[in-house]
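Analysis of the macromolecular model
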Amino acid sequence: MQFDQIWDFLIAHPISIIITLLIIYLTHITLKPLNRVRRLGDVGLFFGKPELKGFYRERQLERLKLLRRIGDLPPVFPNGWYCVCESERLAKNQIMEITVLGRVSNPTFHLVFTPTPSLQVIRDNCIQCPFHGWIFSAETGKCVEIPYDDGRIPEQARVTTWPCIERNNSIYLWYHCDGLDPEWEIPEISEITQGIWKFGGRTEHELMCHIQEIPENGADIAHLNYLHKSAPPITKGSDIIETDLSNPQPIVQHVWDGKWEVKSEENKHCGVMHLNQYMTIWGYRVPLTASKLIAEQHGPGIVHMIFDFGIWGKGVVFQTVTPEEPLLQRVRFRIFSNIPWFFVKFFMTVEAMQFERDVFIWSNKKYIKSPLLVKNDGPIQKHRRWFSQFYTENSPRMLKDGSLTNQAKSIHDW
């Protein structure tokens, strides 16, 4: 009887039901944290008109990788910490395959490189190979048990492990081409550990460039007031080919003022960008749009962007750059703040579209060791000298045929 009444109500009020479901769906989409993901080729590369699709697009992408002019590149894998996973994406006893430093791994919380996929997590931080059942310690990599053999376990029976830590809701791997232990710690943001700042969304981009190109933007102050001067047009998004960047007075405009410097001699691994920004419409400053940013870069792959939005609140955006291959970077942005959800979503969307303008540049530019610079370009060469501390004689370099002078390996392999 109750079912019949419900069915009669649905039949009698179809429009009301549809509107209610639509409101629920729109509310869910609106309140859900941003998760904007762009794969390699989605942004920054040209696939012809009409645009190639499917197999032909993939083939063109491979051709672009081979034909791209790259210049005289620095080493491709700098020493430092790299984000390999976001904490909430790795469940207890889960194994997740990742690619980093040109290698594929099967990590638990400990990062393990093995020749065998589909490992199983078993007791006491150990993993088991499904082929013969050998059991390895995820902490040391050593084989601790061979189910069908009671004899002495060969010393060579081990898998590669990498030092990892969990910090600020992400998991990081340490790499050093000379086998050195971690040379600095990743700062912990107390507002996150204490639950004051909440997760508000993320973006993720795959892009084809050298890792050094991305942080170098922090010292390239001049490009901010040209490439990022105008607000992204709603109809054209981040496509700089379709956007008129030469307009000296766009209707909606960002005004930037910044500087870059090394934090201190004690923290020489850390570079800092101070950036103030506000927006104008038809040349008039818009109230409540000002923001102050202190962006601390910790090594080659981590940036902590501390934002102050005035009355809107404060927060941090983590930018992490992970080199998966010599010229393939995975860039993640994650925001934690006490800022209202609607402002966070707007900010992260606009920030992603501005970042995608840079992706167009990085995907097509050639690295020049000694670029032609003028006075107001910013301390680019100073930044390059600072960044060079993350390379040593053994740092892998990419040869003209695309191969590497040497493979990245864990400090535990030395």
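About the cut-offs
- Residues numbered from 1 in each chain as written.
- Predicted model: local features only at pLDDT ≥ 70, side-chain atom pairs only at ≥ 80, totals over all residues.
- Heavy atoms only, no water.
- UniProt positions renumbered as here; feature names shortened; annotations may be inferred.
- Helix = DSSP H or I, 4+ residues; strand = E, 2+ residues; numbered from the N terminus.
- Buried < 20%, exposed > 50% of the residue type's maximum accessible area, 1.4 Å probe, protein only.
- Contact = heavy atoms within 4.5 Å.
- Areas by Shrake-Rupley, 256 points an atom, 1.4 Å probe, with all protein chains shown as cover.
- Lys, Arg positive; Asp, Glu negative; His and termini not counted.
- Charge placed at Lys NZ, Arg CZ, Asp CG, Glu CD.
- 1 Å grid on protein atoms, 1.4 Å probe; cavity = no way out; pocket = protein on both sides within 12 Å on 5 of 7 lines; lining within 4 Å.
- Points joined across faces, edges and corners; volume = space filled by probe spheres on them.
- Nonpolar A, V, L, I, M, F, W, Y, C, P; charged D, E, K, R; others polar.
- Salt bridge = Lys/Arg side-chain N within 4 Å of Asp/Glu carboxyl O.
- Pairing = 2+ DSSP bridges.
- Patch = residues over 30% accessible without salt bridge, like charges linked within 9 Å, V, L, I, M, F, W, Y side chains within 5 Å.
- Phe/Tyr/Trp six-rings, centres within 6.5 Å; stacked < 30°, edge-to-face > 60°.
- Lys NZ or Arg CZ within 6 Å of the ring centre and 35° of its normal.
- Core = buried A, V, L, I, M, F, W, Y, C linked by side-chain atoms within 4.5 Å.
- Arc of directions from axis to C-beta.

By the naming in an unreviewed UniProt entry, the chain is cholesterol 7-desaturase, taken from Caenorhabditis remanei. For the chain, the Subcellular location (unreviewed entry) comment in UniProt is given as "Membrane".

For the chain, the count of helices and strands is 8 helices and 20 strands. Overall, the C-alpha framework of the chain stretches about 80 × 80 × 50 Å when taken along its three principal axes. Out of the 414 residues belonging to the chain, those deemed buried represent 47%. Long-range contacts, defined as pairs at least 24 residues apart, comprise 59% of the intrachain contacts of the chain with a sequence gap of at least 6. In the form shown here, the chain has an accessible surface area of approximately 22,500 Å², with 57% of it arising from carbon and sulfur atoms. When the 45 basic and 46 acidic side-chain charges of the chain are each reduced to a single mean position, those positions are 6 Å apart.

On to the layout of surface pockets, then. Here the second largest pocket is characterised by a volume of approximately 630 Å³. Taken together, the residues of the lining of the second largest pocket break down into 12 nonpolar, 4 polar and 7 charged.

On to the pattern of salt bridges, then. Under the definition given, this model contains 19 salt bridges. A salt bridge links lysine 53 to glutamate 51; its shortest N-O distance comes to 4.0 Å. Looking at lysine 53, the relative accessible area reads 58%, which means it is exposed. A salt bridge links glutamate 324 to arginine 330; the shortest N-O distance between them is 2.5 Å.

On to the pairing of strand S18 (residues 302–308). Buried residues dominate S18, accounting for 5 of its 7 residues. Sheet analysis places strand S17 (residues 291–298) next to S18, joined by 6 bridges and oriented antiparallel. Within the sheet, the bridge partner assigned to glutamine 297 lies in S18 and is valine 303. Where S17 folds back onto S18 in an antiparallel hairpin, the turn is made up of 3 residues, including glycine 299, whose phi is positive at roughly 75°. In this structure, S18 lies alongside strand S19 (residues 314–325), joined through 7 bridges in antiparallel fashion. Looking at S19, one finds that aspartate 308 is bridged to lysine 314. Hairpin connection between S18 and S19: a loop of 5 residues separates the two successive antiparallel strands, and glycine 310 in this loop has a positive phi of roughly 65°.

Our next topic: a nonpolar patch on the surface. A surface patch of nonpolar side chains, about 510 Å² in accessible area, is lined by Ile251, Ile281, Trp282 and Tyr284. Within the secondary structure, isoleucine 251 sits in the loop between helix H6 (224–227) and strand S14 (252–262).

Taken as a whole and assessed by the stated rule, the structure comprises 3 cavities of 30 Å³ or more. Lining the second largest cavity are Arg68, Ile70, Leu73, Cys209, His210, Glu213, Leu327, Lys365, Lys366 and Tyr367. Across the lining of the second largest cavity, the residue classes tally to 5 nonpolar, 1 polar and 4 charged.

Attention now goes to the packing of aromatic side chains. For the structure shown, the criterion picks out 21 aromatic pairs. Seen in terms of ring centroids, tryptophan 174 and tryptophan 184 are 5.3 Å apart; in terms of plane orientation they differ by 85°. Their pairing is edge-to-face. Within this pair, whereas tryptophan 174 is found in strand S12 (residues 170–175), its partner tryptophan 184 is found in the loop between S12 and helix H4 (190–193), the two being separated by 10 residues in sequence. An identical accessibility class is assigned to tryptophan 174 and tryptophan 184; each is buried. Taking 5.0 Å as the distance between ring centres and 70° as the angle between the ring planes, the aromatic pair formed by phenylalanine 333 and phenylalanine 355 counts as edge-to-face. Here the residue phenylalanine 333 occupies a position in strand S20 (residues 328–337), and phenylalanine 355 occupies one in helix H7 (residues 341–362), the gap between them amounting to 22 residues. Across the pair, exposure class does not vary: phenylalanine 333 and phenylalanine 355 are buried alike. By the ring-pair criterion, three or more aromatic residues cluster together here, those being Trp81, Trp174, Trp184, Trp260, Trp386, Phe387, Phe390 and Tyr391. The cationic tip of arginine 285 hangs over the ring face of tyrosine 278; the distance from NZ or CZ to the ring centre is 4.0 Å.

This part is about the nonpolar core. Of all hydrophobic cores here, the largest spans 65 residues; its most connected members are Leu101 and Tyr175. Residue contributions to this core peak at 8 residues, all from H7.

Below, the discussion takes up helix H8 (residues 380–387). Among all positions of H8, only Ile380, His383, Arg384, Trp386 and Phe387 are buried. Buried positions in H8, seen along its axis, are confined to an arc of 160° and lie on one side of it. Where H8 is buried, its residues meet helix H5 (213–216), S14, strand S15 (270–281) and S17.

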